[in-house]
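Per-entry structural report
The primary structure of each chain is shown beneath.
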Amino acid sequence: GVGLVDAFGDEELRTALEEARRGVVVYAWSPHMPLSVDGWVEIEAASAAVGLDVIPVRFQGGDTSFARREAERVGMPARAMQEIGSVELVMRDLQVHAPSILVFSDGRVSPVLPGYRNEEGYRRFLQNFFGEHEPG
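A quick note: this is a predicted structure, and the numbers were derived from the prediction, not measured.

**Quick look at the overall build of the protein chain**
- When helices and strands are tallied, the protein chain shows five helices and seven strands.
- Written out in order from the N terminus, the α and β elements of the protein chain read β-α-β-α-β-α-β-α-β-β-β-α.
- Taken over the C-alpha trace, the protein chain has a radius of gyration of 14 Å; the compact-globule value for 136 residues is 14 Å, and the two agree within 12%.
- Here the C-alpha coordinates of the protein chain stretch approximately 50 × 30 × 25 Å along the principal axes.
- Among the 136 residues that make up the protein chain, the fraction classed as buried is 46%.
- Restricting to contacts in the protein chain with at least 6 residues of sequence separation, those with at least 24 account for 67%.
- Surface accessibility of the protein chain: about 7000 Å² in total, with carbon and sulfur atoms responsible for 51%.
- In the protein chain, which carries 13 positive and 21 negative side-chain charges, the distance between the mean positions of the two groups comes to 3 Å.

As structure tokens, then:
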């Protein structure tokens, strides 16, 4: 369909995983959920701290021009406008809530983490996924 041109599908997910150094965080957001827009800065920082690539994907539907304005407001990359088109992401409940994240690394996938977290909260979740703990 027409909408699939700007979709982040299973093939895009596979490519992202192949290109990632350590793994990928997929961040589902919606312009109509303000915390999911504001959470971008938090998940981006947390992912960078743990050495993961982070990919923002947009909930299906909604106002595209409003979404673009919201994405630009918090410095999301242009690819943040891609809608969730991956069957795998949908089956793993990424669309349950905005924001939600899934972590993919070395053939492992985290459970979905719905809801806004600050950088520290996201970082703790990511470190737990890798079996790492805060120093100290």
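Alright, that's what it looks like, and here's the rest.
**Regarding helix α3 (residues 64-73)**
- Turning to α3, its buried residues number three or more, namely A67, E70 and A71. What you see down the axis of α3 is that its buried residues fit within an arc of 100°, all on one side. Pointing more than 90 degrees away from the buried face of α3 are the exposed residues R69 and E72.
- Here the buried face of α3 lies against β2 (24-29), α2 (34-50) and β3 (53-58).
- Backbone geometry just downstream of α3 places G75 in the positive-phi region, at approximately 75°.

**Topic: the packing of aromatic side chains**
- With the rule as written, the count across this model stands at two aromatic pairs.
- R108 extends its terminal NZ or CZ atom over the ring of F129, reaching a point 4.1 Å from the ring centre.

**Quick look at the nonpolar core**
- Ranked by size, the top nonpolar core spans 24 residues in total, and within it V25, Y27, W29, I43, I101, V103 and L126 carry the most contacts.
- Ranked by residue count, the leading element in this core is α2, at five residues.
- Counting residues in hydrophobic clusters, the runner-up holds 16 residues, among them A28, F59, I84 and L94.

**Thoughts on the pattern of salt bridges**
- Within this structure, the stated rule accounts for eight salt bridges.
- With its nearest N and O atoms 3.5 Å apart, the salt bridge here joins R73 to D38. Taken as a pair, R73 in helix α3 and D38 in helix α2 lie far apart in primary sequence, 35 residues in all.
- Here E88 and R92 are joined by a salt bridge, their closest N and O atoms 2.9 Å apart.
- The partly exposed category is assigned to R92, whose relative accessible area is 35%.
- One connected set of salt bridges, linked through shared partners, spans D38, E70 and R73.

**Some thoughts on unusual backbone geometry**
- Along the chain, A98 connects to P99 via a cis peptide bond; the corresponding omega equals 0°.
- With respect to the helices, strands and loops of the structure, P99 is situated in the loop between α4 (87-91) and β5 (100-105).
- The phi angle at D93 is positive, at roughly 70°, despite the residue not being glycine.
- Of note, D93 is situated in the loop between α4 and β5.
- What makes D93 partly exposed here is its relative accessible area of 41%.
- Unusually for a residue other than glycine, D106 sits at a positive phi of about 50°.
- Here D106 is to be found in the loop between β5 and β6 (108-109).
- Overall, the relative accessible area of 78% leaves D106 in the exposed class.

Rules and cut-offs
- Residues numbered from 1 in each chain as written.
- Predicted model: local features only at pLDDT ≥ 70, side-chain atom pairs only at ≥ 80, totals over all residues.
- Heavy atoms only, no water.
- Helix = DSSP H or I, 4+ residues; strand = E, 2+ residues; numbered from the N terminus.
- Rg over C-alpha atoms; globule rule 2.2 N^0.38 Å.
- Buried < 20%, exposed > 50% of the residue type's maximum accessible area, 1.4 Å probe, protein only.
- Contact = heavy atoms within 4.5 Å.
- Areas by Shrake-Rupley, 256 points an atom, 1.4 Å probe, with all protein chains shown as cover.
- Lys, Arg positive; Asp, Glu negative; His and termini not counted.
- Charge placed at Lys NZ, Arg CZ, Asp CG, Glu CD.
- Arc of directions from axis to C-beta.
- Phe/Tyr/Trp six-rings, centres within 6.5 Å; stacked < 30°, edge-to-face > 60°.
- Lys NZ or Arg CZ within 6 Å of the ring centre and 35° of its normal.
- Core = buried A, V, L, I, M, F, W, Y, C linked by side-chain atoms within 4.5 Å.
- Salt bridge = Lys/Arg side-chain N within 4 Å of Asp/Glu carboxyl O.

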